[in-house]
Amino acid sequence: MSKIKSILLMMRPHQWVKSSFVFTGLIFGHRWHEAHTIVLTVAAAGAFSLASSGMYVINDLRDAAHDREHPVKRKRPIASGAVGPAPAGAISAILLLAAAGIAVWIGWQAALLLALYVAMNLGYSYGLKHVVILDVFVISLGFMLRILMGTIGIGIEPSHWLLFCGLAMTLFLGFCKRRAELLQAANAGGKTRRVLEHYSSQLLDLMIAVTSACAILSYSLYTIDDRTIVIHRTAQLIYTAPLVIYAIFRYLYLMYRQGGGEDTARDIFRDLHILGAIALWGALVLYLTWF
């Protein structure tokens, strides 16, 4: 494996898809016709992508010894020795400084939100990931900060229903991740997350059911909210809800029947059903709100 490829793998660019949450404000705030807002949103997504890569490197440096005992994670560039600790630390610093520079250029709210994201990730890497339930809430907070970056960070007022939907959806993904790890733990052949000792399949199944139901209901209620109808000039967004439901159910199928759920970004890109549902949802949203 070449050094450049190892560095790119260490940065995990496929995880940048999570920065799509930054575009929430642009889409649901009906602001996609404003060139300046589009530039700020793209810059905000870029800042979060760079910051997330920087934090992944820090986390891998922190967990290198533990990862070497894991059947899959031992192949990571730092754990395998493909990238040394010193170069990895320098790359992480460059990524975080670049992200901070972009955030400061956007504005103080964006800079504050990015700083909170970095602080939250440091807390996660250095202990919070071992605290049952709180660990998933911290993961969810990372997504929520992306949503806030794409709304408050660039001057768009967020919908309360949409924020609750985002919280429910990201908690759902977080608990699915833990459930997938628990499903794989019996056949791992090495060490797994310490926090999994405090979870059970029944507990996680219950949390997944509650959060998925909350996500579906809150999104549906958002589409028929009076404020939403006024902003988008349509009461027909409720017809996009079946696509959201289908994508959630398909994700559950991938986790329980196909061994997915541990890496959300990879699962989405690999499944044509989810990609198709997202594409149709986006096209329908644009059609209903544009024409």
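The following paragraphs examine the structure supplied in this document. The structure presented is a predicted model; accordingly, all values stated were derived computationally and were not measured. (Residues numbered from 1 in each chain as written. Predicted model: local features only at pLDDT ≥ 70, side-chain atom pairs only at ≥ 80, totals over all residues. Heavy atoms only, no water.)

The next subject is unusual backbone geometry. In this model, Ile133 sits at a positive phi of 70 degrees, which is unusual for a non-glycine residue. Structurally, the position occupied by Ile133 is in the loop between helix H6 (108–125) and helix H7 (134–149). Positive phi is not limited to glycine here, since Arg233 has a value of about 60 degrees. Within the element layout of this structure, Arg233 appears in the loop between helix H10 (226–232) and helix H11 (241–258). Overall, Arg233 belongs to the exposed group, its relative accessible area being 64%. (Helix = DSSP H or I, 4+ residues; strand = E, 2+ residues; numbered from the N terminus. Buried < 20%, exposed > 50% of the residue type's maximum accessible area, 1.4 Å probe, protein only.)

Before going further, it helps to examine helix H13 (residues 272–290). Given a rise of 1.5 Å per residue, 19 residues ought to cover 27 Å, and the 26 Å separating the end C-alpha atoms of H13 matches this to within 8%. Of all the residues in H13, the buried ones are Ile274, Ala277, Trp281, Val285, Leu288 and Thr289. In a view along the axis of H13, the buried residues occupy a sector of 85 degrees, so they form one face of it. For H13, the exposed residues lying more than 90 degrees away from the buried face are Leu272, Leu280, Tyr287 and Trp290. Against the buried residues of H13 lie helix H2 (24–28), helix H9 (201–223), H10, H11 and helix H12 (264–270). (Expected span 1.5 Å × (residues − 1). Arc of directions from axis to C-beta. Contact = heavy atoms within 4.5 Å.)

Turning our attention to the side chain of Ser19. Looking at where Ser19 falls in the secondary structure, it is placed in the loop between helix H1 (3–11) and H2. With residues up to four places along the chain from it excluded, the contact list for Ser19 reads Ala45, Phe48, Ser49 and Arg146.

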